Amino acid sequence: MTSTTGARVRRTPAPWWIAALFGIPLIFGFVGAQASKGAIQDDLTERAQQVLQGVGAGDATVTFDGRDATLRTPAGADAAPARDAIAKMPGVRTVVVQGSAQ
């Protein structure tokens, strides 16, 4: 016959608890970052269009991927003033010009 002493057996936490402890905040952080990325891009695009109007390049368009701008100007237009104005905007990392002499 075996006797029991009444001692409790201590188990280590299940691996899924550890994964949940670290995984859930990572998921929420990723979702939040993606949501704010769109808002940042929209804000930069709106401000860049205003800057383009201000430098007389209203026919140019600008799009953003994160903080990186892509400037498209009509053929034959001087892109330098528009590129320089957008590059000086707070929050803009890089400006790539497409569609004209750079």
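See above for the structure.
Now for a description of the structure that goes with this document.

Cut-offs used in this document
In this convention, every chain numbers its residues from 1, walking through the sequence in written order. pLDDT decides what is reported in this predicted model: residues at 70 or higher carry local features, side-chain atom pairs at 80 or more are listed and counted, and totals for whole chains, interfaces and linings draw on all residues regardless. For the side-chain quantities, the full set of heavy atoms in the structure was used; hydrogens and water were omitted. Secondary structure follows DSSP: runs of H or I at least 4 residues long count as helices, runs of E at least 2 residues long count as strands, and numbering of each begins at the N terminus. Each radius of gyration is computed over the set of C-alpha atoms, and the globule rule expresses the reference value as 2.2 Å times the number of residues to the power 0.38. Between buried and exposed lies partly exposed: a residue is buried under 20% and exposed over 50% of the maximum accessible area for its type, with that area taken using a 1.4 Å probe on protein chains only. The contact criterion used is simple: two residues touch if any of their non-hydrogen atoms lie within 4.5 Å. Only four residue types enter the charge count: Lys and Arg as positive, Asp and Glu as negative, with His and the chain ends excluded. Taken as the charge centre is NZ of Lys, CZ of Arg, CG of Asp or CD of Glu, depending on the residue. Two strands make a pair as long as DSSP finds a minimum of two bridges between them. All axes are obtained by fitting lines to C-alpha atoms, using only the stretch in contact for helices, and the reported angles, taken between N-to-C directions, cover 0 to 180 degrees. Under the convention used throughout, the expected extent of a helix is 1.5 Å for every residue step, that is, one less than its residue count. Note on bend: the value at a residue is the angle between axes fitted to the seven residues ending there and to the seven starting there. By construction, the arc corresponds to the directions joining the helix axis to the C-beta atoms. We define a nonpolar core as any set of buried Ala, Val, Leu, Ile, Met, Phe, Trp, Tyr and Cys residues linked to one another through side-chain atoms lying within 4.5 Å.

1. What to know about the overall build of the protein
- A tally of helices and strands in the protein yields two helices and three strands.
- The C-alpha atoms of the protein give 27 Å as radius of gyration, which overshoots the globular expectation for 102 residues (13 Å, by more than 25%).
- Expressed along its principal axes, the backbone C-alpha trace of the protein runs to roughly 95 × 20 × 15 Å.
- In the protein, buried positions account for 22% of the 102 residues.
- Expressed as a percentage of contacts within the protein between residues at least 6 apart in sequence, the contacts between residues at least 24 apart total 49%.
- Put simply, the protein has 10 plus and 8 minus side-chain charges, and the middle of one group is 20 Å from the middle of the other.

2. Let's talk about the sheet that holds strand E1 (residues 61-65)
- Judged by pairing direction, the sheet is mixed, and its three strands sit side by side in the order E1-E2-E3 without closing on themselves. Only two strands of the sheet have a single neighbouring strand rather than two, namely E1 and strand E3 (94-98). Looking at each pair of strands side by side, their axes are set apart by 25 degrees on average, direction ignored.
- Pairing between strand E2 (residues 68-72) and E3: five bridges, direction parallel.

3. Observations concerning the pairing of E1
- Here E1 shows a clear split, with Val62 and Phe64 buried on one side and none of Thr61, Thr63 and Asp65 buried on the other.
- Here E1 pairs with E2 via five bridges, running antiparallel. The partner of aspartate 65 across the bridge, within E2, is aspartate 68.
- Counted between consecutive antiparallel strands, the loop separating E1 from E2 contains two residues, among which glycine 66 sits at a positive phi close to 70 degrees.

4. Considerations on helix H1 (residues 15-54)
- With 40 residues, H1 extends 58 Å between its outermost C-alpha atoms, agreeing within 8% with the 58 Å of an ideal straight helix rising 1.5 Å per residue.
- Within H1, the axis deviates most sharply at glycine 23, by approximately 30 degrees, and proline proline 25 lies no more than four positions further along.
- Residues Gln41, Leu44, Ala48 and Leu52 constitute the buried set of H1.
- The secondary structure elements touched by the buried residues of H1 are E1, E2 and helix H2 (80-87).

5. With respect to H2
- Looking only at H2, the buried set comprises Ala82, Ala85 and Ile86. Along the axis of H2, the buried residues cluster in a sector spanning 95 degrees; they form a single face.
- For H2, the secondary structure elements touched by its buried residues are H1, E1, E2 and E3.

6. Section: the nonpolar core
- By size, the foremost hydrophobic cluster in this structure holds 16 residues, and its most contacted members are Leu52, Val62, Phe64, Leu71, Ile86 and Val92.
- Breaking this core down by element, the ones donating at least two residues are H1, E1, E2, H2 and E3.
- The leading source of residues in this core is H1, at three residues.
- When neighbours within four sequence positions are excluded, valine 92 is seen to be in contact with Leu44, Phe64, Arg67, Ile86 and Ala87.

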